[in-house]
Amino acid sequence: MAQFGFENDIHSILKLDMPITNAPMARWQRKASSSSSSALNGLSPGKSANVSLSSSKTPSKTPGKNKKQTPSKMGGDRFIPFRNSKQMDVASFLLSKENEPVDTTNTTGTSESQKAWSMSLNGYDIEEAKILHLGGKPLNAPEGYQNNLKVLYSQGATPASVKKTRYISSTPDRILDAPELRNDFYLNLLDWSSRNVLAVALHNSVYLLDASQGDVTLLMKLEREEDYICSLSWTKEGTYLAIGTSDCKIQLWDVYNQKRLRSMSSHTSRVVSLSWNDHVLSRYSGFLISAAKDKNLHVLVGLKYVSLPPSGSRSGHIHHHDVRVADHHLFTLTGHSQEVCGLKWSPDGRYLASGGNDNMVYVWPRVQEGTASQSVCSWSEHQGAVKALAWCPWQPNILASGGGTSDRHIRIWNVNSGSCISSLDTQSQISSLVFAPNYKELVSAHGYAHNNVVIWKYPALTRVAELNGHEDRVLSLILSPDGSTVATVAGDETIRMWKSFEVDPVKKAKEKLVKTTSRAIHQSIR
């Protein structure tokens, strides 16, 4: 009973005698008033507008300032968005991830769990859906994706558009000392045989370098100290070497027996260039062309290995000789007026090209016994001595020539038409030219003022590479029998070998397979 009496006392204390006049309107009253106002708004719009405006205004605390409008909260409640279970899981995951301590030891498990959450929530891994990448390869399109717009730029290059470029080393593969080398622009002191033996003339001696083994051998030495070697030329088989000397002689040596076969005197001055004709005539085993400072070109022909041809001299005449008879002079060709310093046979053996200190280039037909011959072509466009001559191996009718210090131009000639195909100013003296068949390029050796070797793309004559290293002018340049290496000799008394044309192993294997197959077919037909 006492408990019920206590509760009655509490209720009597808390009971109000009268309503509170300044208390805020109850919630049910606000709803009722809003419903009534909306009903009035439908009956009298003008009146409801006035009532809403007056109810929405609040007095300003500072007189004279603009009154601030605040939106009315009458008749509405705050917006509570609807969240499904998946969104609630994401929110709880983010809150737990933000508050959990960082574990540096278990990075793999964390990344896997994050990836699993990303796949379940987003349908893809968010780490792989980046718009920008600072490094690495670009993203590839999904499998089966086709771009119908055919955009010009793609993310990745296709294998067909990737162009492979070979590496050309700027340093020589080997450097050899060449003491007492004569620094004379007109001499031809270097030649490489088909058996991979390099011959070099050092003053009055000839040395042989076996490029395969690296062995160096002294072949010969002139008797008089004041005499010197002027030119060298190997036969096609690589067994015999012709040597032109300053005492107006030509010596023929059997290299592997180290024996001099014969010595011939036909010039009245030094023999500065030699060139073998690799194509045998009906009665003769070959021709060796020799050019001398006496301006006469002589042809010495004979049987077996003793077959030697023309030599150039200061009078500009070419003399043909038959060494088997006493009266060896057959006929004379007139041409150069000064020293003939360049001689080259064409690959098919049809033409002989000669260049001289008179800035002239002549092309002579192959000599036949008992017939006289005139030059096929003659060009006078060069403004300097023409020592550098090279025939194109894959286009036998194309001849390249290079001028000296006053000219510095490489000119490409078509013997069939007699015209100049192209011309290029190299800005440097040209001492040697050679075609590189492995990449269809032209290589030039230069003297003053660059003293370098340049590789040109043929026939565009665009610069491919520049080989520097010689400290003096490059005097001669020769290509190895496999076409992969260029040997240069310069006035700095060094020989440098540049391995710049090595064939791709895949391409080399294919060429070898083609040659083997064609040889087998030829043998089966025979």
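For the structure itself, look to the data block above.
Rules used throughout
- Residues numbered from 1 in each chain as written.
- Predicted model: local features only at pLDDT ≥ 70, side-chain atom pairs only at ≥ 80, totals over all residues.
- Heavy atoms only, no water.
- Buried < 20%, exposed > 50% of the residue type's maximum accessible area, 1.4 Å probe, protein only.
- Helix = DSSP H or I, 4+ residues; strand = E, 2+ residues; numbered from the N terminus.
- Pairing = 2+ DSSP bridges.
- Phe/Tyr/Trp six-rings, centres within 6.5 Å; stacked < 30°, edge-to-face > 60°.
- Lys NZ or Arg CZ within 6 Å of the ring centre and 35° of its normal.

Moving on, we come to the pairing of strand β21 (residues 409-414). Counting buried positions over the six residues of β21 gives six, a clear majority of the element. What you see with β21 is no split at all: His409, Arg411 and Trp413 on one side and Ile410, Ile412 and Asn414 on the other are buried throughout. When strand β20 (residues 398-403) meets β21, the two strands line up antiparallel, connected through five bridges. Opposite Ile398, over in β21, you have Asn414 as the bridge partner. In textbook terms, the turn of a hairpin is the stretch between consecutive antiparallel strands, and for β20 and β21 this stretch comprises five residues, one of which, Arg408, has a positive phi near 65°. In the sheet, β21 pairs with strand β22 (residues 419-425) via six bridges, with the strands oriented antiparallel. Looking at β22, one finds that His409 is bridged to Asp425. Linking two consecutive strands that pair antiparallel, namely β21 and β22, is a turn of four residues; a positive phi of about 75° is found at Gly418 within it.

As a further point, take the packing of aromatic side chains. Taken as a whole, this structure holds seven aromatic pairs when the rule is applied. A centroid spacing of 5.4 Å and a plane angle of 85° characterise the contact between Phe185 and Tyr186, whose relative ring orientation is edge-to-face. Ring centres of Trp379 and Trp413 lie 4.3 Å apart, and the angle between their planes is 15°; this geometry places the pair in the stacked category. Remark: Trp413 occurs in strand β21 and Trp379 occurs in strand β18 (residues 377-379); sequence separation between them is 34 residues. For Trp413, a relative accessible area of 1% gives the class buried. Within the aromatic cluster, the residues linked to one another by ring pairs are Trp394, Phe435 and Tyr458. Lying across the ring of Tyr439, Arg166 places its NZ or CZ 3.8 Å from the centre.

Let us now look at unusual backbone geometry. The linkage connecting Tyr448 with the following residue, Ala449, adopts the cis geometry, with an omega of 10°. For the bond running from Tyr458 to Pro459, omega is 5°, close enough to zero to count as cis. Topologically, Pro459 is positioned in the loop between β25 (453-457) and β26 (462-467). Despite not being glycine, His203 has its phi angle at roughly 55°, a positive value. With respect to the helices and strands, the residue His203 is situated in the loop between β3 (197-202) and β4 (205-210). For His203, a relative accessible area of 15% translates into the label buried.

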